[in-house]
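Analysis of the macromolecular model
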Amino acid sequence: MNAELSSDASRPGASGALETATRTGLRLGAVNLVCRSASVVKELAVAYVLGASAVTDAFALVMLLPGLVTSLVFQSARSAFLTEFPFQEKRGPAAGQRFAHAFVLQLGLAGLLAAACGGTILWLAWDRLFPWSSPQVAYYARRMLLPVSLLVVAVAVTSAWTALLHARRCFVLPQLTSLLPTACVLAGILLLPAPFAWRALAEGLLYGTAIQAVWLLFVVRRTGFYSAKEPWLVLRGGTSSLWALAFPVLLANIATQVNSYVDRMMAAGLDEGAVAVLHWASLLHDVASTTLVAGLLSTMLPHMAEQLAMQRRQEAADDLHHLIKAGAVVLLPFSCATIAAAFLFSRNVHFGQLDQKAVQLLAGCFAAYVIGLFAQLASNCLYQTLVVLRRTRLLVLLSIFANLLLNVILNLLLIRPLGAVGLALATSLVALATLLANATAVRLDLPFRWTVILPSILWASGLSLVITLPVVFTSYGIMELLPPSPWTSIGMAIVSWSTVLAAFWVAAWRIACLRPQLEWIRKLVVQ
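Since the structure is predicted, the reported quantities are computational estimates derived from the model, not experimental observations.

To continue, consider the overall build of the chain. A count of helices and strands for the chain gives 20 helices and 0 strands. Scored against the burial criterion, the 527 residues of the chain give a buried share of 52%. Long-range contacts, defined as pairs at least 24 residues apart, comprise 82% of the intrachain contacts of the chain with a sequence gap of at least 6. Of the roughly 24200 Å² of accessible surface on the chain, a fraction of 69% belongs to carbon and sulfur atoms.

What follows is about the confidence of the model for the chain. Counting all residues, the mean pLDDT for the chain is 82, and 90% of those residues have values of 70 or more. Throughout residues 1–12 the model reports pLDDT below 50, and contacts reaching past four residues in sequence, or to other chains, amount to 30 contacts. Segment residues 231–235 is flagged for pLDDT under 50; beyond a separation of four residues in sequence, or across chains, it makes 6 contacts in the model.

Let's shift gears to the packing of helix H2 (residues 16–50) against helix H9 (residues 179–191). Helix-helix packing is characterised by the crossing angle of the two axes and by the distance between the axes. Two elements in contact, H2 and H9, have axes whose closest approach is 10 Å; the angle formed by their N-to-C orientations is 20 degrees. Classified by the interaxial angle, the pair formed by H2 and H9 is roughly parallel. Handedness of the H2/H9 crossing: left-handed. The residues of H9 that touch H2, namely those facing Val34, Cys35, Ala38, Ser39, Val41, Lys42, Ala45, Val46, Val49 and Leu50, are Leu179, Thr182, Val185, Leu186 and Ile189.

Together, Phe247, Leu251, Ile254 and Val258 give the surface a local cluster of nonpolar side chains, amounting to about 310 Å² of exposed area. Turning to its location among the elements, phenylalanine 247 is positioned in helix H11 (residues 240–267).

Attention now goes to the packing of aromatic side chains. With the rule as written, the count across this model stands at 6 aromatic pairs. Relative to phenylalanine 99, the ring of phenylalanine 81 lies with its centre 5.6 Å away and its plane at 5 degrees, an arrangement referred to as stacked. One end of the pair, phenylalanine 81, is in helix H4 (residues 64–89); the other, phenylalanine 99, is in helix H5 (residues 93–124), with 18 residues separating them in the sequence. Residues tyrosine 139 and tyrosine 140 carry aromatic rings whose centres are separated by 5.3 Å and whose planes lie at 70 degrees to one another, so their mutual orientation is edge-to-face. The buried category is assigned to tyrosine 140, whose relative accessible area is 16%. One aromatic cluster in this structure is built from Phe81, Phe85, Phe99 and Phe103. Against the face of tryptophan 123 rests arginine 142, its NZ or CZ located 5.6 Å from the ring centre. Above the face of the phenylalanine 87 ring, arginine 390 is positioned so that its terminal group lies 4.5 Å from the ring centre.

A few words on the nonpolar core. Looking at soluble globular proteins, one finds that nonpolar side chains tend to be buried together. Ranked by internal contacts, the top residues of the largest apolar core, which has 143 residues, are Phe81, Phe103, Trp126, Met144, Ile189, Leu201 and Phe374. Residue contributions to this core peak at 18 residues, all from helix H7 (residues 135–167). Each residue touching phenylalanine 81, except ones within four places of it in the same chain, is listed here: Phe99, Ala100, Phe103, Ala163, Leu164, Ala167 and Leu242. Leu344, Met479, Met492 and Ala493 belong to the second largest nonpolar core, which has 5 residues in total.

With that out of the way, let us pick up helix H16 (residues 392–418). Of all the bends found along H16, the most pronounced is centred on leucine 406 and spans about 35 degrees. One or two residues past the end of H16 sits glycine 419, with phi positive at roughly 65 degrees.

What the rule picks out here adds up to 8 salt bridges. Two residues, arginine 390 and glutamate 84, come together in a salt bridge whose shortest N-O distance is 2.1 Å. Of the two residues, arginine 390 is situated in the loop between helix H15 (373–388) and H16 and glutamate 84 in helix H4; the sequence distance between them amounts to 306 residues. Among the residues examined, glutamate 84 registers a relative accessible area of 7% and is labelled buried. Residues arginine 312 and glutamate 315 are paired through a salt bridge, measuring 3.3 Å at the closest nitrogen-oxygen approach. Overall, the relative accessible area of 26% leaves glutamate 315 in the partly exposed class.

What follows is about unusual backbone geometry. Even without being a glycine, arginine 169 presents a positive backbone phi close to 65 degrees. Relative to the helices and strands, arginine 169 is located in the loop between H7 and helix H8 (172–176). A relative accessible area of 22% places arginine 169 in the partly exposed class. The phi torsion at arginine 390 lies on the positive side, around 65 degrees, for a residue other than glycine.

It is worth spelling out the environment of alanine 154 at this point. With respect to the helices and strands, alanine 154 occurs in helix H7. Residue classification places alanine 154 among the buried residues on the basis of a relative accessible area of 11%. Spatially, the C-alpha atom of alanine 154 lies 6.8 Å from that of alanine 213, the residues being 59 residues apart in sequence.

In this section: the packing of helix H13 (residues 313–345) against helix H18 (residues 450–481). Look at H13 against H18: their axes get within 9 Å of each other, and the N-to-C directions meet at 15 degrees. Of the possible angle classes, the one that applies to H13 and H18 is roughly parallel. Here the hand of the crossing between H13 and H18 comes out right-handed. Grouping the amino acids of the contact of H13 with H18 by side-chain chemistry returns 17 nonpolar, 6 polar and 1 charged.

It is worth spelling out H13 at this point. Three or four residues apart is the spacing at which side chains of an α-helix point the same way, because the helix has 3.6 residues per turn. Between the first and last C-alpha of H13 there are 46 Å, a value that for 33 residues agrees with the 48 Å anticipated at 1.5 Å per step. Burial within H13 is extensive, with 26 of its 33 residues counted as buried.

Attention now goes to the environment of valine 249. Within the element layout of this structure, valine 249 appears in helix H11. Measuring from C-alpha to C-alpha, the distance between valine 249 and threonine 392 comes to 7.2 Å, with 143 residues separating the pair along the chain. For valine 249, the residues in contact, after removing those within four places along its chain, are Ser76, Tyr383 and Val387.

Each value, and the rule that gives it
- Residues numbered from 1 in each chain as written.
- Predicted model: local features only at pLDDT ≥ 70, side-chain atom pairs only at ≥ 80, totals over all residues.
- Heavy atoms only, no water.
- Helix = DSSP H or I, 4+ residues; strand = E, 2+ residues; numbered from the N terminus.
- Buried < 20%, exposed > 50% of the residue type's maximum accessible area, 1.4 Å probe, protein only.
- Contact = heavy atoms within 4.5 Å.
- Areas by Shrake-Rupley, 256 points an atom, 1.4 Å probe, with all protein chains shown as cover.
- pLDDT = per-residue confidence, 0-100.
- Axes fitted to C-alpha atoms, helices over the stretch in contact; angles between N-to-C directions.
- Parallel < 35°, antiparallel > 145°, perpendicular 65-115°, else oblique.
- Left-handed = near helix turned anticlockwise from the far one by under 90°.
- Patch = residues over 30% accessible without salt bridge, like charges linked within 9 Å, V, L, I, M, F, W, Y side chains within 5 Å.
- Salt bridge = Lys/Arg side-chain N within 4 Å of Asp/Glu carboxyl O.
- Phe/Tyr/Trp six-rings, centres within 6.5 Å; stacked < 30°, edge-to-face > 60°.
- Lys NZ or Arg CZ within 6 Å of the ring centre and 35° of its normal.
- Core = buried A, V, L, I, M, F, W, Y, C linked by side-chain atoms within 4.5 Å.
- Bend = angle between axes of the 7 residues up to and from the residue.
- Nonpolar A, V, L, I, M, F, W, Y, C, P; charged D, E, K, R; others polar.
- Expected span 1.5 Å × (residues − 1).

Structure (structure tokens):
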């Protein structure tokens, strides 16, 4: 934990605080990859023991309650807390302590209210909400409702402790504790007799999250950040500003969630299996996004909040410039290499009942999602900056017009010629449009300049394409000379992916505006 809180001497082009935040983000990305891998193992175990059955259908449906509450309420409250906390702490440690106490209590009460209301609604109106579900699915769902409702409360407490630790620049340890719920579910699935294995899903998740909450409380108490010496402090703390900021962030998150449902609904009108393929492609994209983007975004929000609380606006703009340029140098060649590898991989590969045609469709959807990785990083960094700047009204407008409505329009335009791939491509194009809109909005408050970042973006894009195209054509030519085999496709995909990235990094050293970013990234990784 202390390593996370340390700071290096600043180097030209980036503040020392940005280097610390970026290095922590890289560690967090690696931990996210471990957690995602563990989650995949858990899903494989669930599929092996329970299969595609009424139990798994019921669990997927009841988990909509904690999923929606977490992505909408808890994440919005966390973003608002991390934004507001530096301003409260600037008034003195006691004010920051009161604010933290009140936040924990109120988020816990919000979780309790959401659990009671959501669980009651699902219990009473199940047949109206899910009329297509079978009686057996409804039976198991009602059995799971109590532990899943209690899970909402446990997640609320876990989210509160995690936010407090993030405010103290402790990111890796809280993420590692997310392995506990996964481990409890996996242990229950493997140890319980098959007729009772379904209980491991909801109850195992509840017990694991409760253990995680207790562990995080112990970590928080060790930091001295949260103390029970003055319990009456939870009744006051000036959190009105927090919820005033959290509400518009919640509205913006709703637009993002609606986009996912719109994509699934439109895919339902395509050929059979399109919804499943789009879902699997989205999961693969989430693995790449969680590893390369999400960790860095988690560390950037408190970093930007502290800078703007101290009125260091020029430094904040410089760090945004530096981070976006570094993101272009890393993510644009990664996207090109991954797209090439996906198409080569799918040429002669099938997986059980997933035939080659479905694998090719999966590769196309995954490639369309991966195109937007850089735009996702840059637009979300700028989005978090707008949150810290409290441009709440503008955030909601951008979420509606530059995100939700544009996604619907692009879906309608692209679904006919491209099918499910068009839906995935629309998501990436929306990320690009959101990047342009967010950058324009940030310029109203910060000295953010396109002229600083555009050369790096153009050079990284052009160089990635110039390297990727001949590698792909050469790989296809070699595959024509070899007997068709899944192992040939897999081998050429790996070789092509590695070749593109290696050639980009070698060639980029020759380009003046890319070399400083490569050197900075290399030092961060080495250290």
